Amino acid sequence: MEKPISLFTLTLLFLLFNQSLAIPGTYNILDLGAKPDGKTDSSKSLLSAWAAACGSPEPATIFVPKGRYLVKQAQFLGPCRNRAISFRIDGTLVAPSDYKLIGNADFWLQFQWVDGVFIRGGILDGQGTDLWGCKASGRKCPSGAATLGFTNSNNIAIAGLTSLNSQLFHLVFNGCNTVKLQGVKVLAAGNSLNTDGIHVQYSSGVTILNSKISTGDDCVSIGPGTTSLWIENVLCGPGHGISIGSLGKDFEEEGVQNVTVKNVTFKNTQNGVRIKSWGRPSKGFVKDVLFQHVTMINVQNPILIDQNYCPDNINCPGQVSGIKINDVTYQDIHGTSATAIAVRFDCSKKNPCIGIRLEDVKLTYKNQPAKSSCANAAGTTLGLLGPDSCL
């Protein structure tokens, strides 16, 4: 019979465990004055932990224990002395319920000029429902703040994070290089305005894996200057799908290239895989894109290229898109469309889409083969195809 563990041994193990969270280089926000009551502003405690971690010459961890921590707003600024700062979040960071308290800030939580940041676990609660209601009522409202943004930053990793009810976009990466997101959840109501799940622009080497995104706008939106983007094993819905664009809002605009979207399921979304550009002149482009192994479940526009985007008919009526789209492949796309036309290529008269490839596409509408529609698009088809190609 094994000897039972003594009280002394249990006490020693308990002390060692707690010391592991208090060793040099680990900053527990409770020790810095944070309160896990969801009411006391813990912004200063969180920023104090960041200042210590950023200033440390050694790898550092910021620890957020269980509980709800109100954070009115926080900017985590670099560059830092070390390139290995981890956030271990066991609790929930909560935005103010009064959206006016964030003011006109672009972001609720923002990282700038950082290199080597890892966020593990936790919940970010943007408490955006009141702002959505304000916008839906037609009253004059602020645009809102994105929940989490990384600007001009490199070597970022996020795993197991949940973003709830953002006022605006949930996660934004602008001017970043080498980013990996894994096991991320984005949750907001289907009628929440402009709550894109993950937005990427002017960034390279972004990877999004094994994530679930349910929101009121694009699950993933891909802006100008995005290169080498990889999206795999993502469940999208509700939402507006995965969208490259809108592009071409500005004449001088960087292009989008080398994008892979594979093993993705769209359920009850407005769009599936979409490319959209403003109907106006631009130097931008889209090329080398692969949509592969995609399942559509009751999707209104499963495959869509729209180069005549012109919201409210302002600044673009009568113009044509200057965005050049070429080398886009749709391979093994199957499932159900909520509309009769499941494949629509509405391309620019001035710059027709070229190099479009359809391979093993099978989309049905009410248990019948769906239809396709093409304008100013050219390409090839291969293998099983339904609807019949209009290329």
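Residues numbered from 1 in each chain as written. Predicted model: local features only at pLDDT ≥ 70, side-chain atom pairs only at ≥ 80, totals over all residues. Heavy atoms only, no water.

Engineer: Would you explain the nonpolar core in this entry?
Structural biologist: Soluble globular proteins tend to bury their nonpolar side chains together. Formed by 87 residues in total, the largest nonpolar core has its most connected members in Phe87, Phe150 and Tyr330. Considering every element that reaches this core, the biggest residue donor is strand β24 (residues 285–299), with 6 residues. (Core = buried A, V, L, I, M, F, W, Y, C linked by side-chain atoms within 4.5 Å. Buried < 20%, exposed > 50% of the residue type's maximum accessible area, 1.4 Å probe, protein only. Helix = DSSP H or I, 4+ residues; strand = E, 2+ residues; numbered from the N terminus.)

Engineer: Help me understand the sheet that holds strand β19 (residues 220–222) in this model?
Structural biologist: Whether parallel or antiparallel, the strands of a sheet pair through hydrogen bonds between backbone atoms. With parallel pairing, 11 strands are arranged side by side in an open sheet as β5-β8-β11-β14-β17-β19-β21-β23-β25-β27-β30. Edge positions in the sheet fall to β5 (74–77) and β30 (371–375), since each of these pairs with one other strand and no more. Taking the axes of each pair of neighbouring strands and ignoring which way they run, one obtains an average angle of 15° across the sheet. In this sheet, strand β8 (residues 107–112) lies alongside β5 in parallel orientation, the contact comprising 4 bridges. Note that in β8 the partner of phenylalanine 76 across the bridge is phenylalanine 111. Contacts from helix α2 (residues 43–55) reach β5 and β8, with the element oriented near 0° to β5. (Pairing = 2+ DSSP bridges. Axes fitted to C-alpha atoms, helices over the stretch in contact; angles between N-to-C directions. Contact = heavy atoms within 4.5 Å.)

Engineer: Can you walk me through the pattern of salt bridges in this structure?
Structural biologist: Side chains that differ in charge, positive against negative, can pair when their charged atoms come close. Inspection of every chain in the model, using the stated rule, returns 6 salt bridges. Its salt-bridge partner being glutamate 252, residue lysine 283 comes within 3.0 Å of it at the nearest N-O pair. Here the residue lysine 283 occupies a position in the loop between β23 (271–278) and β24, and glutamate 252 occupies one in the loop between β21 (242–247) and β22 (256–267), the gap between them amounting to 31 residues. A relative accessible area of 48% places lysine 283 in the partly exposed class. Since its relative accessible area comes to 58%, glutamate 252 is described here as exposed. Between arginine 357 and aspartate 327 there is a salt bridge, with its nearest N and O atoms 3.7 Å apart. (Salt bridge = Lys/Arg side-chain N within 4 Å of Asp/Glu carboxyl O.)

Engineer: What exactly am I supposed to notice about the packing of aromatic side chains here?
Structural biologist: Geometry of an aromatic ring pair is reported as the spacing of the ring centres plus the angle between the planes. Evaluated as defined, the whole model comprises 11 aromatic pairs. On the basis of an interplanar angle of 80° and a centroid distance of 5.7 Å, the ring pair of tryptophan 50 and phenylalanine 111 is categorised as edge-to-face. Within this pair, whereas tryptophan 50 is found in helix α2, its partner phenylalanine 111 is found in strand β8, the two being separated by 61 residues in sequence. Each member of the pair, tryptophan 50 as well as phenylalanine 111, carries the same accessibility label: buried. Each member of the aromatic cluster is reached from another via a ring pair, and the members are Trp50, Phe76, Phe87, Phe111, Phe150 and Phe173. Over the face of the ring belonging to tyrosine 309 we find lysine 276, whose NZ or CZ atom lies 4.3 Å from the ring centre. Residue placement shows lysine 287 over the ring face of phenylalanine 285; its charged tip is 5.4 Å from the ring centre. (Phe/Tyr/Trp six-rings, centres within 6.5 Å; stacked < 30°, edge-to-face > 60°. Lys NZ or Arg CZ within 6 Å of the ring centre and 35° of its normal.)

Engineer: Any chance you could explain the side chain of serine 243 here in plain terms?
Structural biologist: Residue position: serine 243 is located in strand β21. Contact partners of serine 243, with chain neighbours within four places excluded, come to Asp218, Val220, Ser221, Ile222 and Arg274.

Engineer: In this structure, what is going on with the state of the cysteines? I would like to understand it.
Structural biologist: The bond known as a disulfide is covalent and runs between the sulfur atoms of two cysteines. Summed over the entire model, instances satisfying the criterion amount to 6 disulfides. Bridging cysteine 347 to cysteine 353, the disulfide has an S-S length of 2.0 Å. On the sign convention where negative means left-handed, the S-S torsion of about -100° between cysteine 347 and cysteine 353 marks this disulfide as left-handed. A residue is classified by how much of its surface remains accessible, and cysteine 347, at 2% relative accessible area, is buried. Disulfides within the protein chain link the bonded cysteines, taken in sequence order, as 1-2, 3-4, 5-6, 7-8, 9-10, 11-12. (Disulfide = S-S within 2.5 Å.)

Engineer: Even after reading the chapter, I still don't get the layout of surface pockets, so can you show me in this structure?
Structural biologist: The method is simple in principle: a probe with the dimensions of a water molecule rolls over the atoms, and the space it marks as empty is what remains. A volume near 970 Å³ is recorded for the largest pocket. Taken together, 37 residues form the lining of the largest pocket, with Phe169, Asp196, His199, Gln201 and Lys249 sitting closest to its centre. Looking at the lining of the largest pocket residue by residue, the class counts come to 14 nonpolar, 13 polar and 10 charged. (1 Å grid on protein atoms, 1.4 Å probe; cavity = no way out; pocket = protein on both sides within 12 Å on 5 of 7 lines; lining within 4 Å. Points joined across faces, edges and corners; volume = space filled by probe spheres on them. Nonpolar A, V, L, I, M, F, W, Y, C, P; charged D, E, K, R; others polar.)

Engineer: Quick question: what am I supposed to make of empty space enclosed by the protein here?
Structural biologist: All chains considered together, the criterion is met by 1 cavity of 30 Å³ or more. Computed from the structure, the largest cavity encloses a volume of approximately 80 Å³. Around the largest cavity, the lining residues are Leu46, Phe76, Phe87, Ile89, Leu93, Leu109, Phe111, Ile119, Leu124, Leu148 and Leu161. Of all the elements in the fold, those that place two or more residues in the lining of the largest cavity are β6 (85–89) and β8. Considering only residue class, the lining of the largest cavity consists of 11 nonpolar, no polar and no charged.

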